Structure formats: C-alpha cells, structure tokens
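# Geometric and topological summary
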Amino acid sequence: GPTSKPRPPNREEIGRAAWRYVHCLAANFPDTPVIQEQVSSLGWIRAFLRLYPCHLCAQEFIEVCRDLPPRLGNRDEYVMWWCEAHNRVRSDLSQPLRRCELQELLAA
C-alpha cells in the first residue's frame, strides 16, 4: 500500500523536546562559569530563539527574558532561572506550574 510520509513535529512536540533539552543543558552548566562561558551561554540563548521553529513562541520567550533576565552566575542560578522561565511560559499557556526543586532539576 501507499507509504505515509513522516509528519514534521507540531508546536507542542517541539516545545516539549526543547524544554527537555534546555533543562538538561542547564543541569550541565559549569558550577562556576568563567565570563566567556557566561557570554557563550547568552549567545546560545539568543541564537536558539532566533532559530526556534515557532516564531511566536520565540517572541513570547524574549518577553519572558525581558521580565526575568537569564541568570548565568553559577549552575544553581542557571538551573533555577530555566525552571522559573518555564513556569512563566506555563502560566501564559494556562498550564499547571511545577515546583522548582534544585536537586531534582540538577538530576535532569
């Protein structure tokens, strides 16, 4: 019979995968990053948002970053910032919020 073409992921699937990725990325951030690591991470966030496949989602996350600027001073701050930013997005989407428990987030 006819073979069905693979369908590209939808916005929700892309979002879930992106959140898993950034939480894992944050958990592997240096404990005490040097300034170049902080600059590189901020550049990565900017590039990620510029290239994100959902333009509206990226624009909304840029607004989140304006209200809640990335915290890159150390791993714990960075992990907590991503969790708080994710909760801001969940709130905007009327989704339930998650507790930001540092030890759970570091185990991601």
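For the structure itself, consult the block above.
Values in this document were obtained by computation on a predicted structure and should not be read as measured data.

## Structural notes on the state of the cysteines
Per the stated rule, a full pass over the model turns up 2 disulfides. Paired through a disulfide, Cys-54 and Cys-57 show a sulfur-sulfur distance of 2.1 Å. Taking the sign of the S-S torsion, 75 degrees for the link of Cys-54 and Cys-57, the bridge is right-handed. Of the residues examined, Cys-57 reaches a relative accessible area of 24% and is grouped as partly exposed. Bridging Cys-83 to Cys-100, the disulfide has an S-S length of 2.1 Å.

## What about the pattern of salt bridges?
Under the criterion given, the structure shown has 6 salt bridges. Arg-88 is the salt-bridge partner of Asp-67, the closest N and O atoms lying 3.3 Å from each other. Separated by 21 residues along the polypeptide, Asp-67 in helix H3 (residues 55–67) and Arg-88 in helix H4 (residues 75–92) bring together distant segments of the chain. Judged by relative accessible area, which is 55%, Asp-67 ranks as exposed. When the shortest N-O distance is used, the salt bridge between Glu-84 and Arg-71 registers 3.0 Å.

## Quick word on the environment of Val-64
Examined against the element boundaries, Val-64 turns out to sit in helix H3. Considered as a pair, Val-64 and Val-79 are 15 residues apart in the sequence and their alpha carbons are 16 Å apart. Those residues within four positions of Val-64 in sequence are excluded, and the remaining contacts are Ala-85, Arg-88, Val-89 and Asp-92.

## Describing the packing of H3 against H4
One way to put it is that H3 packs onto H4 with a least axis distance of 10 Å and a crossing angle of 125 degrees. It follows from the interaxial angle that H3 and H4 lie oblique. Between H3 and H4 the crossing geometry is right-handed. Within the contact between the two elements, H3 uses Phe-61, Val-64, Cys-65 and Asp-67 and H4 uses Trp-81, Trp-82, Ala-85, Arg-88, Val-89 and Asp-92. Residues that form the contact of H3 with H4 fall into these classes: 7 nonpolar, no polar and 3 charged.

## As for the nonpolar core
The biggest cluster of nonpolar side chains holds 24 residues, and the ones touching the most others in it are Trp-19, Ile-45, Phe-61, Tyr-78, Trp-81, Trp-82 and Ala-85. Examining the composition of this core, we find that 8 residues originate from one element, H4, more than from any other. Leaving out residues up to four positions away in the same chain, Ile-45 has contacts with Pro-70, Tyr-78, Trp-81 and Trp-82.

## Points about H4
Taking 1.5 Å per residue, 18 residues should reach 26 Å; H4 reaches 26 Å between its end C-alpha atoms and fits that length. Of all the residues in H4, the buried ones are Tyr-78, Val-79, Met-80, Trp-81, Trp-82, Cys-83, Ala-85, His-86, Asn-87, Val-89 and Arg-90. For H4, the elements touching its buried residues are helix H1 (11–27), helix H2 (35–51), H3 and helix H5 (102–106). Put simply, Asn-74 is the residue that caps the front of H4, since its side-chain oxygen is 3.1 Å from the backbone nitrogen of Asp-76. Note on H4: the residue one or two positions beyond its end, Ser-94, has a positive phi of about 55 degrees.

Reading the values: the criteria
Residues numbered from 1 in each chain as written. Predicted model: local features only at pLDDT ≥ 70, side-chain atom pairs only at ≥ 80, totals over all residues. Heavy atoms only, no water. Disulfide = S-S within 2.5 Å. Buried < 20%, exposed > 50% of the residue type's maximum accessible area, 1.4 Å probe, protein only. Salt bridge = Lys/Arg side-chain N within 4 Å of Asp/Glu carboxyl O. Helix = DSSP H or I, 4+ residues; strand = E, 2+ residues; numbered from the N terminus. Contact = heavy atoms within 4.5 Å. Axes fitted to C-alpha atoms, helices over the stretch in contact; angles between N-to-C directions. Parallel < 35°, antiparallel > 145°, perpendicular 65-115°, else oblique. Left-handed = near helix turned anticlockwise from the far one by under 90°. Nonpolar A, V, L, I, M, F, W, Y, C, P; charged D, E, K, R; others polar. Core = buried A, V, L, I, M, F, W, Y, C linked by side-chain atoms within 4.5 Å. Expected span 1.5 Å × (residues − 1). Polar contact = N/O pair within 3.5 Å; in protein donor to acceptor, adjacent residues only side chain to side chain.

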